[in-house]
Amino acid sequence: MLIQRAVMLDGTETHIRADKRIVEVGDLTPNKGELVLDAAGGTVIPGLHDHHVHLRSAAAALTSARVGPAEVRGRADLARALADAAVGSDGWIRAVGYHEAVAGPLDRDVLDEVSPAVPVRVQHRSGVLWTLNSAGLARVGLPDHPDGRLRSADRSWSDTLQRNESGLSEVSNKLSAYGVTGVTDATPDFEVSDIVKLIDAHRRG
């Protein structure tokens, strides 16, 4: 691959030929059949590495309703946001970013009042807590749970959810657009099988 009109960090414009590594830098002409990219004066840097990302959460957030203080104000507004939210292919409405400043403390009873009659789960902006409505609690086998507030790290309920890897390619494309070419998934309870599934899903995308 030949990258033309690339600007180095010192401001000089150059051409860069790369294979698995950079092999030449300077005034270069394309080889026959070589892929040529025009940097159009953009600065080239080494690929960045994000050392703390949660890939599945990032992919799921692309299709989740946002119900944080920047988007929702008050209980009526929360009800509207959840009513407008799309039901996923797994039958759930998934909302993220909730904070008590939106509509006070959230539990199953409050969520039942403001959510449609389908399974709904709302993630606190801290990422450590989910609140499920009664339909959602029944779906995960906890119909008698007292308040619907469940820890994210508790796999006894979260493993009952359908894993959707479909957004991983889009997350990858967004990261690449920012120059991020490598990541470390910081999900604390990941197993080898989870990593294999993520790699396979990315390759299929």
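The sections below set out a description of the structure shown in this document. (Residues numbered from 1 in each chain as written. Predicted model: local features only at pLDDT ≥ 70, side-chain atom pairs only at ≥ 80, totals over all residues. Heavy atoms only, no water.)

**Looking at the pattern of salt bridges**
Put simply, the test is: Salt bridge, as used here, is a side-chain nitrogen of Lys or Arg placed within 4 Å of a carboxyl oxygen of Asp or Glu. Buried residues are those whose accessible area, probed at 1.4 Å on protein chains only, stays under 20% of the maximum for their type, while exposed residues exceed 50% and partly exposed ones sit between those limits.
Enumeration according to the criterion identifies 8 salt bridges in this entry. With a shortest N-O distance of 3.7 Å, arginine 66 and glutamate 71 are connected by a salt bridge. Across the pair arginine 155 and aspartate 159 runs a salt bridge whose closest N-O atoms are separated by 3.1 Å. Overall, the relative accessible area of 43% leaves aspartate 159 in the partly exposed class. Overlapping salt bridges, with partners in common, bring together Arg17, Glu24 and Glu34 in one network.

**Regarding the sheet that holds strand β3 (residues 22–26)**
Keep this limit in mind: A pair of strands is considered paired only if DSSP assigns at least 2 bridges between the two. Each helix is a run of DSSP H or I of at least 4 residues and each strand a run of E of at least 2, with the numbering of both proceeding from the N terminus. To get an axis, a line is fitted to the C-alpha atoms, and for a helix only the part in contact is used. The angle between two axes follows their N-to-C directions and goes from 0 to 180 degrees.
Read across the open sheet, the 4 strands follow the order β3-β2-β1-β4; overall the sheet is mixed. In the strand order of this sheet, the two ends are held by β3 and β4 (36–38), each with one partner. Shown here is a sheet whose adjacent strand axes are inclined to one another by a mean of 25°, direction ignored. Sheet analysis places strand β2 (residues 13–18) next to β3, joined by 4 bridges and oriented antiparallel. Bridge pairing in β3 places alanine 18 opposite isoleucine 22.

**Quick word on the sheet that holds strand β9 (residues 129–132)**
Pairing is mixed in the open sheet, where 5 strands are placed in the order β6-β7-β8-β9-β10. Among the strands making up the open sheet, the edge pair consists of β6 (65–66) and β10 (149–151). Where β9 meets β10, 3 bridges bridge the pair, whose relative direction is antiparallel. When the bridges of β10 are listed, tryptophan 130 appears paired with leucine 150.

**A closer look at unusual backbone geometry**
You will see that arginine 5, though not glycine, has its phi angle at about 50°, which is positive. In this fold, arginine 5 is placed in strand β1 (residues 2–7).

**Concerning empty space enclosed by the protein**
Keep this limit in mind: In this analysis, the protein atoms alone were mapped onto a 1 Å grid. Cavities are point sets where a 1.4 Å probe fits without being able to get out; pockets are open sets with protein on both sides within 12 Å along at least five of seven lines; lining residues have an atom within 4 Å of a point. Grid points are joined across faces, edges and corners, and a volume is the space filled by probe spheres set on the points.
Within the structure shown, the criterion is met by 1 cavity of 30 Å³ or more. A volume near 50 Å³ is recorded for the largest cavity. Considering the residues around the largest cavity, the lining is formed by Tyr98, Glu100, Leu106, Val122, Gln123, His124, Leu129, Thr131 and Arg149. Elements with a minimum of two residues in the lining of the largest cavity: β8 (120–124) and β9. Residue contributions to the lining of the largest cavity peak at 3 residues, all from β8.

**A look at the pairing of β1**
Bridge analysis of β1 against β2 gives 4 bridges, and the strand direction is antiparallel. Residue isoleucine 3 lies in a different strand from β2, and its bridge partner there is isoleucine 16. From the end of β1 to the start of β2, which pair antiparallel, there are 5 residues, and glycine 11 there has a positive phi angle of about 95°. Across 3 bridges, the pairing between β1 and β4 is parallel. Across the sheet, glutamine 4 pairs through a bridge with aspartate 38, a residue of β4.

**Describing the nonpolar core**
What counts, and what does not: In this text, buried Ala, Val, Leu, Ile, Met, Phe, Trp, Tyr and Cys residues form a nonpolar core when linked through side-chain atoms within 4.5 Å. It only takes one pair of heavy atoms within 4.5 Å for two residues to be counted as in contact.
With 18 residues, the main nonpolar core has Val67, Leu78, Leu82, Tyr98, Leu106, Leu111 and Val122 as its most contacted residues. For this core, the secondary-structure elements that each account for two or more residues are α2 (75–84), β7 (93–98), α3 (100–103), α4 (108–114) and β8. Those residues in contact with valine 67 that sit more than four places away from it in its chain are Val72, Leu78, Ala81, Ala95, Val96, Gly97, Tyr98, Val102 and Val122. Core analysis: the second largest hydrophobic core is formed by 9 residues, Leu132, Val140, Leu150 and Trp157 among them.

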